[in-house]
Structures are given as C-alpha cells and as structure tokens.
Amino acid sequence: SDYSQEPSRHPCLHINAKEPFNAEPPRSALVSSYVTPVELFFKRNHGPIPLVDDIERYCVDINGLIESPKKLYFRDIRMLPKYNVTATLQCAGNRRTAMSITRKVKGVGWNVSAIGNAVWGGAKLADILELIGVPKLTSSTQSGGKHIEFVSIDKCEEENGGPYKASIPLSQATNPEADVLLAYEMNGEPLNRDHGYPLRVIVPGVIGARSVKWLDSINIIAEECQGFFMQKDYKMFPPSVDWGNISWNTRKPQMDFPVQSVICSLEDAQSIKPGKVRSLCIHSFIKVRISGYAVSGGCRGIERVDVSIDGGKTWREATRFQKTGIPYIADGISNDKWAWVLFELTVDIPQSTEIIAKAVDSAANVQPEKVQDIWNLRGILNTSWHRVHVRIGH
Ligand code: MTE
Ligand code: MO
C-alpha cells in the first residue's frame, strides 16, 4: 500500500496506528467545545487516504435494483437542497483499550476519544434517491429488506485490496427523518481528505463504520452488503465466543450505538495536588469540576447523567447541555437530536477516590456496570461505567 501521499495532521493527536492512520485527540479537547474542530476530530482509516484531484470528473455511480444505472456528478449533488445536520460520529471501537485490559481483544487500541461531534453539510440521501426514482419512505413498515450499499475509493487489506464498503437498510436511506446525508462539508468547510473528500456518507445514530468516506458508488441490493466490515467485523458477540468457536453468520452487523458516557475533564488516574489549589480548598475538601460527553444511538436523547464520587455508593445528577445557556430537553425539536450532550458537575472531594459517570437514554437504557459483562473478542461497544481515579496528594 502507498502511504506517500498522506495529508498533514495536528500534532496533538495521539496516534494509535500509523499506517493506516488512526488517531484521537486528548480527551480534554472533546469538552472544550460542543462542536469538535476538524483537526482534532478522530481519524479512523483502513487504508491510505485517497487523492481525488479532479472534482469536475468525480461522480458517484448508482447501480443495482433500479430501472437504469445513473451517474451523479458533484455539481448535481450540490444542486440539491443542502442540510446541516449536527451529528456525533463514534467508532464502535471507542474505549477498546480499556476492554482489552480485562481480557485481550483484537483491533486497534482506542482510549475514550474515538468520537466527535460535527456539523455535516450535504444533500439528503432520501432526496438523491427520489431524484433517481426511488420514492421517499412514507411508512416505516414498508422496508422490504433491501439495503443500500456504499462503496468507497480507498483500498484496504481486509477486503483483499478491494474498496471499503458497508450498507444500511433502504428504508432508513429513503426516510427523510433519518437524516442520512451525502456530506461535502464538515463544520462549514469542504470535507478534508482525512474525513472523506470530496463526499462521504453520514448515518446519524449508527456506529461510524457505516458512514463510508470517499464515496465511489452506491448499489441498491436485495440484502445487506457482504463485505468484510459488515460480515466479519463490527458484530457484537457474547463473552463466551472466542476465536476458536466463532460463527460470524449467527450475528447481525451492528448498526445503532448504545448509550455511552465518558468523563473528559480528568484522566483515568489523575493526581490533584492540594497545595497548588489551596485557594479552592474549603474545609479540607477539594473542588473538582467533572465534565464529559454522553450520547446514545438511534435518535435516543440523553435523559440523565449520574455521577458518583464514592465509587458508586451514592449518585448525583450532572447538568446537561448542548448549546450554552439553552436548557437541554431531549424532545427532538429544541435539541440536536443526533448529537451528544456535554455534562458538568462540580463536587467537593474529601479524599482520594473513584469518580464514575453513567448515562441513561430516552428509552431508559443504562450503561452496564462492568466491562467484563460486555467483553467481546473484537472489543467493540465498550459502554461500561466510566471510572477515573483521583488521587489527592503530591
Ligand atoms: N470509510 C472508508 N472509505 N474507509 C474507512 O476506513 N472507516 C470507518 C468509517 N468510514 C472508513 C470509512 C470507520 S470504522 C469509522 S469509525 C469512521 O469512518 C471514522 O470517520 P472519521 O475518520 O471521519 O472520524
Ligand atoms: Mo469505526
């Protein structure tokens, strides 16, 4: 593979793998702003970054179960109504390193920052499909089992040198409410090469793996895509399944992500020096500001974030917000329904302790307590309670 034309990247990123390039920002960057800056947004790749240099000739081929094949040029896509959707993208492998500590898993290690929140600008896939004669969904039961497959320009080893690909149900793609985009902008700027220039798919509420970058073609197919990342990866197995007894076709490809929350204002093992924060000491307590992100998939909002400063014996509720000054209500109208919430709580800590966060989504799903209970051989979907250890002393 040729890695001689990789773009330059921000020096703050922590590199988990160099070729293909996989990197995440320090966790503190995630809570510095509701919208993650492009240069600090995690980068998750399976091959070299493609170089598209002639935008006039770039087009997306649409094939499969349609009356006749179509070619969509970049200017055709730009001509459709443009939507800006604020959506959180999370890799299914986020927090994999922590899952690997209890029992080894296979995959690129990630700390807690394989996630970011961006404003994606582009055309709705439902509009594009309507343009080529695939009607918009009017009833959610009318799915018919068909899928829409996204094939990329990039080449990867897992596909034996073929392109990265994935699919989603056609019913989701044709539903305007699902906000599936063919995006050409990220945070108001043209997509950069790392994030899919010139065009990528954004599937809100679904694991990042289905948001195919560097889109080359679209196929309407009778059933889900048979590619590696749909069939031999990104599936959730029980803790009893290991490499010796795995049977891939017994499980479905993972789509929606489950409820997640992470403390970003403190490292996993954080020392706080009382001497240096003397002015913040009240009756020998130390004031600590706890903040982080919480998000759920499938358009579920965040109902609550519970924080414990005594290792889970007692809990108190953190405040949640998306835009500062506007109260967060997960009603799908006054909030960004596909985006994370940031949470915040200031506490007085009497001694060295364990601080924990767990979130509850709008369907009352709660994060599992222990990582062992959700261990799986590929190390995906680690949504166990996030714990950080605060040590007071020098
Ligand atoms: N699309 C292509 N073409 N190639 C890839 O390697 N990685 C996927 C997805 N789309 C990938 C891809 C995975 S696993 C994730 S988590 C997201 O892109 C990451 O998107 P980002 O790099 O823009 O953060
Ligand atoms: Mo991913």
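What you are looking at is a predicted structure, and each value in this text was computed from that prediction instead of being measured. (Residues numbered from 1 in each chain as written. Chains lettered and ligands numbered in written order. Predicted model: local features only at pLDDT ≥ 70, side-chain atom pairs only at ≥ 80, totals over all residues. Heavy atoms only, no water.)

1. Observations concerning unusual backbone geometry
- Here the amide bond leading from E19 into P20 is cis, since omega sits at -5°, within 30 degrees of zero.
- If you trace the backbone, P20 turns up in the loop between β1 (14-17) and β2 (22-24).
- Cis geometry marks the peptide bond from Y197 to P198, where omega comes out at 5°.
- By the secondary structure assignment, P198 is in the loop between β11 (189-190) and β12 (200-202).
- Phi at D179 takes a positive value of approximately 55°, unusual for a residue other than glycine.
- Among the structural elements, D179 can be located in the loop between α5 (170-173) and β10 (181-186).
- A positive phi is found at A364, a non-glycine position, where the angle reads about 65°. (Helix = DSSP H or I, 4+ residues; strand = E, 2+ residues; numbered from the N terminus.)

2. A few points about the nonpolar core
- Core analysis: the largest hydrophobic core is formed by 76 residues, its most contacted members being W120 and I148.
- Looking at which element gives the most residues to this core, the answer is β10, with five residues.
- Both domains that furnish three or more residues to this core are identified here as domain 1 (14-250) and domain 2 (260-392).
- Apart from residues no more than four positions distant in its own chain, I148 is found in contact with L125, L129, A166, S167, I168, P169, L170, A173, I218, N219 and I220. (Core = buried A, V, L, I, M, F, W, Y, C linked by side-chain atoms within 4.5 Å. Buried < 20%, exposed > 50% of the residue type's maximum accessible area, 1.4 Å probe, protein only. Domains from an automatic or database assignment. Contact = heavy atoms within 4.5 Å.)

3. Some words on the domain arrangement of the protein chain
- For the protein chain, the assigned domains are domain 1 (14-250) and domain 2 (260-392).
- Computed over C-alpha atoms only, the centres of domain 1 and domain 2 are separated by 27 Å.
- Facing the 47 residues of domain 1 at the interface are 40 residues of domain 2.
- When domain 1 packs against domain 2, the two sides together hide about 3700 Å² of surface, and 59% of this comes from carbon and sulfur.
- Area buried by domain 1 at its contact with domain 2 is led by R27, Y34 and R95, which between them contribute 23% of it.
- At the surface where domain 1 touches domain 2, the tally comes to three salt bridges. (Buried area = accessible area lost by both parts, 1.4 Å probe. Salt bridge = Lys/Arg side-chain N within 4 Å of Asp/Glu carboxyl O.)

4. Comments concerning the site of ligand 1
- Close to ligand 1 lie 20 residues; F42, H46, H195, R200 and K213 are nearest.
- At 2.7 Å, a backbone N or O of F42 approaches an oxygen atom of ligand 1.
- The contact in question runs from an oxygen atom of ligand 1 to an N or O atom on the side chain of H195, over 2.7 Å.
- When ligand 1 sits alone it has 530 Å² of accessible area, and the protein chains cover 100% of it.
- Elements with a minimum of two residues in the shell around ligand 1: β3 (43-44) and β8 (147-155).
- Residues belonging to the shell around ligand 1 are distributed by class as follows: nine nonpolar, six polar and five charged. (Near = heavy atom within 4 Å. Polar contact = N/O pair within 3.5 Å; in protein donor to acceptor, adjacent residues only side chain to side chain. Areas by Shrake-Rupley, 256 points an atom, 1.4 Å probe, with all protein chains shown as cover. Nonpolar A, V, L, I, M, F, W, Y, C, P; charged D, E, K, R; others polar.)

5. Let's talk about the pattern of salt bridges
- Taken as a whole and judged by the stated rule, the model has 22 salt bridges.
- When the shortest N-O distance is used, the salt bridge between E130 and K136 registers 3.0 Å.
- The partner of R387 in a salt bridge is E354, and the shortest N-O contact between them spans 3.3 Å. One end of the pair, R387, is in strand β23 (residues 386-392); the other, E354, is in strand β22 (residues 353-361), with 33 residues separating them in the sequence.
- Judged by relative accessible area, which is 27%, R387 ranks as partly exposed.
- Salt bridges sharing partners connect three or more residues here, namely E6, R9 and D194.

6. Describing the sheet that holds β2
- Taken together, the three strands give an open sheet; going across it, the order is β1-β2-β3, and neighbouring strands pair in antiparallel fashion. Where the open sheet ends on each side, the last strands, each with one partner, are β1 and β3.
- Pairing between β1 and β2: three bridges, direction antiparallel. Across the sheet, the residue bridging to A17 is N22, located in β2. (Pairing = 2+ DSSP bridges.)

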